[in-house]
Amino acid sequence: MKEKYYITTAIAYTSSKPHIGNTYEAILADSMARFKRRQGYDVFFQTGTDEHGQKIEEKASACGKTPKEYVDEVSNVIKSIWKTMNVSYDKFIRTTDEEHEKQVQKIFKKFYEQGDIYKGSYEGWYCTPCESFWTESQLVDGKCPDCGREVKKAHEEAYFFKMSKYAQRLIDHINANPDFIVPVSRKNEMMNNFLLPGLQDLCVSRTSFKWGIPVDFDSRHVVYVWLDALTNYITGIGFDVDGNHGDLYKKYWPADVHVIGKDIIRFHTIYWPIFLMAMGEPLPKQVFGHPWLLQEGGKMSKSKGNVLYADDLVSVYGVDAVRYYVLNGMPFDNDGLVSWNLMTDKINGELANVYGNLVKRTISMSNKYFDGKVERSGVTDSIDDDLKNLAKSTYSKVSALMDECKIADAIDCVFTLLRRANKYIDETAPWVLAKDESNQARLKEVMYNLTETIVIASSILEPFMPETSAEVLLELNTEIRDYGKLSEFGLYPDGNVVTKEPKVIFARLDNAEVLKKAEEIANKYIVKEEKEEEKLPEITIDDFAKIQLKTALVTACEKVAKSKKLLKLSLKVGNEMRTVASGIAEYYTPEEMVGKKVVLVYNLKPAKLCGVESQGMILCAEADGKVKLVTPEDANLPDGATVR
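Residues numbered from 1 in each chain as written. Predicted model: local features only at pLDDT ≥ 70, side-chain atom pairs only at ≥ 80, totals over all residues. Heavy atoms only, no water.

Enquirer: Before we move on, could you go through the overall build of the protein chain and cite the residues and values that matter?
Expert: Tallying secondary structure elements over the protein chain gives 21 helices and 27 strands in all. For the protein chain, the C-alpha atoms occupy an extent of roughly 105 × 65 × 40 Å along the three principal directions. Excluding contacts between residues fewer than 6 apart, the proportion of contacts in the protein chain whose partners are at least 24 apart in sequence is 75%. When the accessible surface of the protein chain is totalled, it reaches about 28800 Å², and 48% of it is carbon and sulfur. Positive and negative side-chain charges in the protein chain, numbering 84 and 95 respectively, have mean positions lying 1 Å apart. (Helix = DSSP H or I, 4+ residues; strand = E, 2+ residues; numbered from the N terminus. Contact = heavy atoms within 4.5 Å. Areas by Shrake-Rupley, 256 points an atom, 1.4 Å probe, with all protein chains shown as cover. Lys, Arg positive; Asp, Glu negative; His and termini not counted. Charge placed at Lys NZ, Arg CZ, Asp CG, Glu CD.)

Enquirer: Quick rundown of the pattern of salt bridges? Include the residues and the values.
Expert: Per the counting criterion, the structure on display carries 36 salt bridges. In this structure, K106 and D240 form a salt bridge, with 2.9 Å as the shortest nitrogen-oxygen distance. Taken together, the residues K106 in helix α4 (residues 98–113) and D240 in the loop between α8 (232–235) and α9 (247–252) connect sequence positions 134 residues apart. In this structure, R420 engages E427 in a salt bridge whose closest nitrogen and oxygen atoms are separated by 3.1 Å. (Salt bridge = Lys/Arg side-chain N within 4 Å of Asp/Glu carboxyl O.)

Enquirer: So what's going on with the packing of aromatic side chains? Which residues, and what values?
Expert: As enumerated under the stated definition, the model contains 30 aromatic pairs in all. Put simply, the rings of Y6, F44, Y233, F239, Y249, Y252, W253 and W272 touch in pairs and so form one group of aromatic residues. Across from the ring centre of Y309, 4.5 Å away, lies the NZ or CZ of K17, which sits over that ring. The aromatic ring of Y41 is capped on one face by K36, whose charged end is 4.4 Å from the ring centroid. (Phe/Tyr/Trp six-rings, centres within 6.5 Å; stacked < 30°, edge-to-face > 60°. Lys NZ or Arg CZ within 6 Å of the ring centre and 35° of its normal.)

Enquirer: Break down α4 for me, with residues and values.
Expert: The end-to-end C-alpha distance of α4, which contains 16 residues, comes to 23 Å, matching closely the 22 Å that a straight helix rising 1.5 Å per residue would cover. Following α4 by one or two positions, G115 adopts a phi angle in the positive range, close to 85°. (Expected span 1.5 Å × (residues − 1).)

Enquirer: Quick rundown of the environment of E131? Include the residues and the values.
Expert: Here E131 is to be found in the loop between β5 (117–127) and β6 (132–134). C-alpha separation for the pair E131 and W226, spaced 95 residues apart in sequence, amounts to 8.6 Å. Those residues in contact with E131, other than ones at most four positions away along the chain, are Y13, H52, G53, Q54, K55, Y126, Y224, V225 and W226.

Enquirer: Got a sec to walk through the side chain of N449? Specific residues and values, please.
Expert: When you line up the elements, N449 lands in helix α17 (residues 440–461). Given a relative accessible area of 0%, N449 falls into the buried group. Every residue in contact with N449, bar those within four places of it in the chain, is listed here: D384, L387, K388, Y424 and F489. (Buried < 20%, exposed > 50% of the residue type's maximum accessible area, 1.4 Å probe, protein only.)

Written as structure tokens, this is what we have:
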């Protein structure tokens, strides 16, 4: 009977099309699932989409669609991208699935009835993009500590989960299972920053929006996103609160690994295990919090035109080249960088020069010297042993690294073998051997060793680059090698004939041509962003009349000690003085601001930012990633004038 292996990704949020950093996770989990399948495991791989929440409700409204219409569209886009990237999932769950919603309601009610959930009220700061509540002390520069975006003051009735009830039990579990959270840096962060200082109770319902799973015994409330989203890992395989579990749940739970981004590690290593404890269910064996794939030169932004999407990258590089880059370019516990230049250099330097070149040279020489027939002669040399020993040991090294979730290192091992094979060509010099008839037997053995090495390497690489591996092995007229036999050398059929016309597996790319295509793609999204801004919902004159704008003179300005982004402005507004904290320190010095006329949102409710009470907001415009003040055309216009 095969050993089971259940792997999941975090479900993708359906607020918009996922960029390459989001898509990386699906590719990562796919490579792990494929590897386990090749090892003979009974694998179940689940992914899907997270479709509820305030952000979805707002986005749908702005587009003139119902939330369900909106998430249907985005979920299909995500499925399409996963398909493009050859993500071989077994189940794609949506949190709008009827069975999922039914079980979430039952879970919520179970928690309430057993005293884990109670009704209260929440007052604090809320980040809509992150669907997270924060206290004043948790904010960074007055903004969300996770994403750095604006937060809103929130006060509403809500249900709360008693986290502290299970905290010590979770601490004990983490201490007893050192591989429960990997890398270890993520475990230390969770223990030191959250568990050991003491957990606050968690808000698990909302009343300020409607797009969510209703609490069936209190219709004013919908289940808050994390209790809804996290439970997908069990509802998707047939979990039932009443114990009538489906066969998949009985077979595959607990999960062997949850593959998730480091930004949501807290939810998966604290909230999720505690929910499971409250349900009386086993905890997952491991949570792998992978690092981020960052855009070189800054955060991805549609307005800057630097967002990279998987399907766009594929249109330039091909599927497996993109898979290779994101898998090999991401260290185990440090963030990786992605850009057109970096991808082109890596693809040229490794896929074209190392892998593609080796395959093309080997097949071409086999055709040139032996009409495509690959035979053993038994005429060996001590120089063969180094290549053979490395080939025979590569799989065991890769397997050990895959067990540690070190995918980039695992791929590096295979490319070490491919580089050694290229060096072997230089060492044996087949073109020299071919000139002497007496060296024909030796030449046959050299060509066999090269072909066998490529078969072993390509077989190991299949989970990472499935299309390429299949193509290479087809050209060698063989199939992927059974993983149980990858430690053996010499299994390639003696006398087999390779293809007559080898393809260029990875062609070298011209960087200038790539950048030209990249610019065309970037322009497409800049235009799209402009169109999206035009789609904002219309307001009436009554709405606009609520905003009071006045001209103001900056009389003094200084940096805010606790912030890198904020400047403290002293503004003269007619006969009144006001203080405003403005996030423009990156674009203006305090000296540049003094004496400028600005436009002030005069009746904005004051807010405290990094210890400064900000009494309004000055207007700025953003273009091409730069921020400029909005100033009156007439420099002589008196401060305090009403802007109409």
